[in-house]
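Structure assessment
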Amino acid sequence: MCPAPVANMASSGHDWQAELMDKIPDTIVHYGRYNPAHRTGGVEAFATSLQLAFEQVQYLDSSQDGPGSPAMQRVIAHRLPVVCDNHLVMDWPDGYPVIGFQHGVAAEKKFVTRSWTDWSLARKQARAARRKSTVWVACARWISDEFARRHGNPAQHVIYHTVDTDLFDGKLANRGSKLVLHDGRSRHKGRDLYPILQAALPDWRFEPLSCPPQQVPERMRRARAFMHLSRYEGNSIVCNEAMAMGLPCLFTRVGLMRDGEPLDVRIVEVSHAYGRSSGLIECAGSFLEDLNGSAYSPRDWIMRHTSQRSFVQGWKDVMASWRSISADS
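This write-up is about the structure you can find in this document. (Residues numbered from 1 in each chain as written. Predicted model: local features only at pLDDT ≥ 70, side-chain atom pairs only at ≥ 80, totals over all residues. Heavy atoms only, no water.)

1. Quick look at the sheet that holds strand β9 (residues 225-228)
The line we're drawing: Pairing between strands is defined by DSSP: at least two bridges between them are needed. Numbering goes from the N terminus for both helices and strands, where a helix is a DSSP run of H or I of at least four residues and a strand is a run of E of at least two. Fitted lines through C-alpha atoms give the axes, limited to the stretch in contact for helices. The angle between two N-to-C directions lies from 0 to 180 degrees. Residue contacts follow a heavy-atom distance rule, with two residues in contact if any of their heavy atoms lie within 4.5 Å.
With parallel pairing, the 5 strands of this open sheet are ordered in space as β8-β7-β9-β10-β11. Two strands in the sheet have a free side with no partner beyond their single neighbour: β8 (205-208) and β11 (266-268). Strand after strand, the sheet turns through a mean of 25 degrees between neighbouring axes, direction not considered. Across 3 bridges, the pairing between strand β10 (residues 249-252) and β11 is parallel. Note that in β11 the partner of F251 across the bridge is I267. Contacting β9 and β10, helix α8 (residues 237-244) crosses the sheet at an angle of about 160 degrees to β9. On top of the sheet, helix α10 (residues 277-289) reaches β7 (179-182), β8, β9, β10 and β11; it is set at about 160 degrees to β9, its chief contact.

Take a look at the structure:
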């Protein structure tokens, strides 16, 4: 079934911009598979967002700056804090304090994508869970809980992905719009479902975002709704952006939707979305039909939990934990 949305959260009228915090006066290093200057993706978007919390962020590419590289040696010599994409904590010398960021659980994802990359990643995450001198951080509570259950390394801190609410400002310009945006880039993100919905609901235009990141806010501003019918997510940044823009959203119960937060979005179970097409059509149709009579306010939750202030405070707490294990190393 496609349940009705949770009741709207009351708007506080609070001046959120007044709550911006000074950045942390530290230099931090992000160590991932790709440099965000050369590649876009969820991990890379997260890496870029660290600039909202820290005065200086350096980026290391594991393919060029891995073990034994001059770049890694310089980081170690200067004893800089390093945020690693989960399994990449294993690239750093035993005893060197690092921060492992849990973006998602490959042991779950591998059964959805059936890709060799995710099967291999699941094994690497299991090995990384045993590393000492590591502060674990997750972008959603369900991820921390799942790592605790599977590998015994729950996150010491949970920091939701931040959203630039000046760009995703909630100021919609969508009067009369019939545009429904989605991010169905691959099969497991629902790519094959939207042609079915388009054929069944011809009064609506179902279109992928398919634009450079800097154009996403304006494209969302013109839409009437946003759908994300994915079979697996860790914590989808594009969903947070759609919520920040104040768009009515229909999401499958994956990623952040598993944390039980009052997001004020419509949720459909994965089994229902990927079951009989008639069930998906009925759910999406009722969601769209109700738009004129339902007032969604997903931006409220975003402003309360993913603001720059909460993001900076979360990383201040992480740095306190890092300094604690660094003193013992």
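2. Some remarks on unusual backbone geometry
Under the convention used in this document: We call a residue buried when its accessible area falls under 20% of the maximum for its residue type, exposed when it is over 50%, and partly exposed in between, using a 1.4 Å probe and counting protein chains only.
Backbone geometry places S133, a non-glycine residue, at a positive phi of 50 degrees. Among the secondary structure elements, S133 is positioned in the loop between α4 (116-128) and β5 (134-138). By relative accessible area, S133 is classed as partly exposed at 22%.

3. Focus on the packing of aromatic side chains
What characterises a pair of aromatic rings is the spacing of the ring centres plus the angle enclosed by the ring planes. Formally: Only Phe, Tyr and Trp rings take part, Trp by its six-membered ring, and two of them pair if their centres are within 6.5 Å. Stacked means planes under 30 degrees apart, edge-to-face means over 60, and tilted covers everything else. Here, over-ring charges are defined by two tests on the NZ atom of lysine or the CZ atom of arginine: distance to the ring centre within 6 Å, and angle to the ring normal within 35 degrees.
With the rule as written, the count across this model stands at 12 aromatic pairs. When the centroid spacing of 6.0 Å and the interplanar angle of 65 degrees are considered together, the rings of F287 and Y296 count as edge-to-face. The exposure class of F287 is buried, given its relative accessible area of 0%. Each residue in the set F46, F54, F101, F311 and W315 is aromatic and connected to the rest through ring pairs, giving one cluster. The cationic tip of R39 hangs over the ring face of Y34; the distance from NZ or CZ to the ring centre is 4.0 Å. The ring of Y274 carries R231 above its face, with NZ or CZ at 5.6 Å from the centroid.

4. What to know about the environment of S307
Considering the arrangement of structural elements, one finds S307 in the loop between α11 (299-305) and α12 (308-328). Taking relative accessible area as the criterion, S307 reaches 12% and is therefore assigned buried. Remark: the alpha-carbon pair of S307 and R185, spanning 122 residues in sequence, is separated by 27 Å. In this view, S307 contacts T162 and I302; residues no more than four positions away in its chain are not counted.

5. Considering the sheet that holds β5
Pairing is parallel in the open sheet, where 6 strands are placed in the order β2-β1-β3-β4-β5-β6. Here the strands that pair on one side only, and so sit at the sheet edges, are β2 (54-61) and β6 (157-158). Examined bridge by bridge, strand β3 (residues 82-85) and strand β4 (residues 98-102) share 3 bridges and lie parallel to one another. Residue pairing across strands places D85 opposite F101, the latter belonging to β4. Sheet contacts for α12: β1 (24-32), β2, β3, β4, β5 and β6; angle to β4, the most-contacted strand, approximately 135 degrees.

6. Thoughts on the pattern of salt bridges
Put simply, the rule reads: The term salt bridge refers to a pairing of a side-chain nitrogen on Lys or Arg with a carboxyl oxygen on Asp or Glu at a separation within 4 Å.
Counted according to the given criterion, the structure contains 16 salt bridges. Between R323 and D26 there is a salt bridge, with the nearest N and O atoms lying 2.6 Å from each other. Taken together, the positions of R323 in helix α12 and D26 in strand β1 put the pair 297 residues apart, joining distant regions of the chain. Take R323: its relative accessible area is 42%, and that puts it in the partly exposed class. Look at D26 and you get buried, because its relative accessible area is 19%. One salt bridge in this structure joins D290 and R266, with 3.3 Å as the shortest N-O distance. In this pair, D290 sits in the loop between α10 and α11 while R266 sits in strand β11, placing the two residues 24 residues apart along the sequence. For R266, a relative accessible area of 3% puts it in the buried group. When salt bridges that share partners are traced, they join D169, E218, R221 and R222 into one network.

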